[in-house]
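Notes for the structure review
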Amino acid sequence: MTQQVSNSPFLKPFFLKTPVGVVSPRPQRRHTLPASEFRNLNPQDAISVFEIEREAFVSVSGECPLTLDEVLNFLGQCPELSLGWFEEGQLVAFIIGSGWDKERLAQEAMTQHVPDTTTVHIHVLSVHRHCRQQGKGSILLWRYLQYLRCVPGLRRALLICEEFLVPFYLKAGFKEKGPSAISVPNMCFREMEYLLGGQAYARRNSGC
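Rules behind the numbers
- Residues numbered from 1 in each chain as written.
- Predicted model: local features only at pLDDT ≥ 70, side-chain atom pairs only at ≥ 80, totals over all residues.
- Heavy atoms only, no water.
- Helix = DSSP H or I, 4+ residues; strand = E, 2+ residues; numbered from the N terminus.
- Expected span 1.5 Å × (residues − 1).
- Buried < 20%, exposed > 50% of the residue type's maximum accessible area, 1.4 Å probe, protein only.
- Salt bridge = Lys/Arg side-chain N within 4 Å of Asp/Glu carboxyl O.
- Arc of directions from axis to C-beta.
- Core = buried A, V, L, I, M, F, W, Y, C linked by side-chain atoms within 4.5 Å.
- Contact = heavy atoms within 4.5 Å.

1. Here's the deal with helix H3 (residues 136–149)
Taking 1.5 Å per residue, 14 residues should reach 20 Å; H3 reaches 20 Å between its end C-alpha atoms and fits that length. The buried count for H3 comes to 13 of 14 residues, which makes it a mostly enclosed element.

2. Overview of the pattern of salt bridges
Throughout the structure, instances matching the rule amount to eleven salt bridges. Here Glu 87 makes a salt bridge to Lys 136, at a shortest N to O gap of 3.4 Å. On the criterion of sequence distance, the pair formed by Glu 87 in strand S2 (residues 82–87) and Lys 136 in helix H3 is long-range, its members being 49 residues apart. Each member of the pair, Glu 87 as well as Lys 136, carries the same accessibility label: buried. One salt bridge in this structure joins Glu 191 and Arg 104, with 3.1 Å as the shortest N-O distance. Of this pair, Glu 191 sits in strand S7 (residues 190–195) while Arg 104 sits in the loop between strand S3 (90–100) and strand S4 (119–127), and the two are 87 residues apart along the sequence. Among the residues examined, Arg 104 registers a relative accessible area of 32% and is labelled partly exposed. Overlapping salt bridges bring together Glu 103, Arg 156, Lys 177 and Glu 193 as one network.

3. So, helix H2 (residues 68–77)
Residues Glu 70, Val 71, Phe 74 and Leu 75 constitute the buried set of H2. The buried side chains of H2 occupy one side of the element, clustering within an arc of 125 degrees when seen end-on.

4. Notes on the nonpolar core
With 44 residues, the main nonpolar core has Ile 96, Leu 148 and Phe 174 as its most contacted residues. Among the elements that line this core, the one with the most residues is H3, at seven residues. The contacts of Leu 148, once residues within four sequence positions are left out, are Leu 81, Val 120, Leu 154, Ala 157 and Leu 196. Formed by twelve residues, the second largest nonpolar core is a distinct cluster that contains Met 110, Val 114, Ile 182 and Phe 189.

5. Brief notes about the environment of Leu 158
Within the secondary structure, Leu 158 is located in strand S5 (residues 156–161). Taking the C-alpha atoms as reference, Leu 158 lies 9.9 Å from Glu 176; in sequence the two are 18 residues apart. Discounting chain neighbours no more than four positions away, the residues touching Leu 158 are Trp 100, Lys 102, Glu 103, Leu 105, Thr 119, Val 120, His 121, Ile 122, Lys 177, Glu 191, Met 192 and Glu 193.

Nothing here speaks to function; it is all geometry.
Pasting the structure below:
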């Protein structure tokens, strides 16, 4: 299961159209970096990942889902279970996952990667503050789930979220499994499950 699917269509770069209303006075030069691309993350991306995560979560809950050491650990052990969205070479959104081997998530799932399993635990999905309210979280999650369908051996994805995020994940195709056994001071979570059966497909006219 722990092999990187480098030929997945969901990791290929794409180019953004010029925004409506923007008139270019002269032909644009070709860039060495694609306007936008998706790829697996690696330990060199850890600082950018943690900065986005810290800004997104500390102001809301007071703590990050993953510490910098945990980010480095997961990106070192299972980079193929992560996905980053880059624009002009800058990280704008990401997902980090790890392997898990039980029916439900337990407290140790927060810091542990179990290799060669059929289940992915999605630890965190986060979007840069300047790119929120643009649908990027939904697009990245969709691409990630389709990418997971291409990873041999995977059968499902699990995550925990607060109550107010349940509709977001239900809309993405997750099913609610009930209250989570994972505890964090002053916070309660719901556990969600996504089954990876079937073939990955390319969404038409997705804008991505």
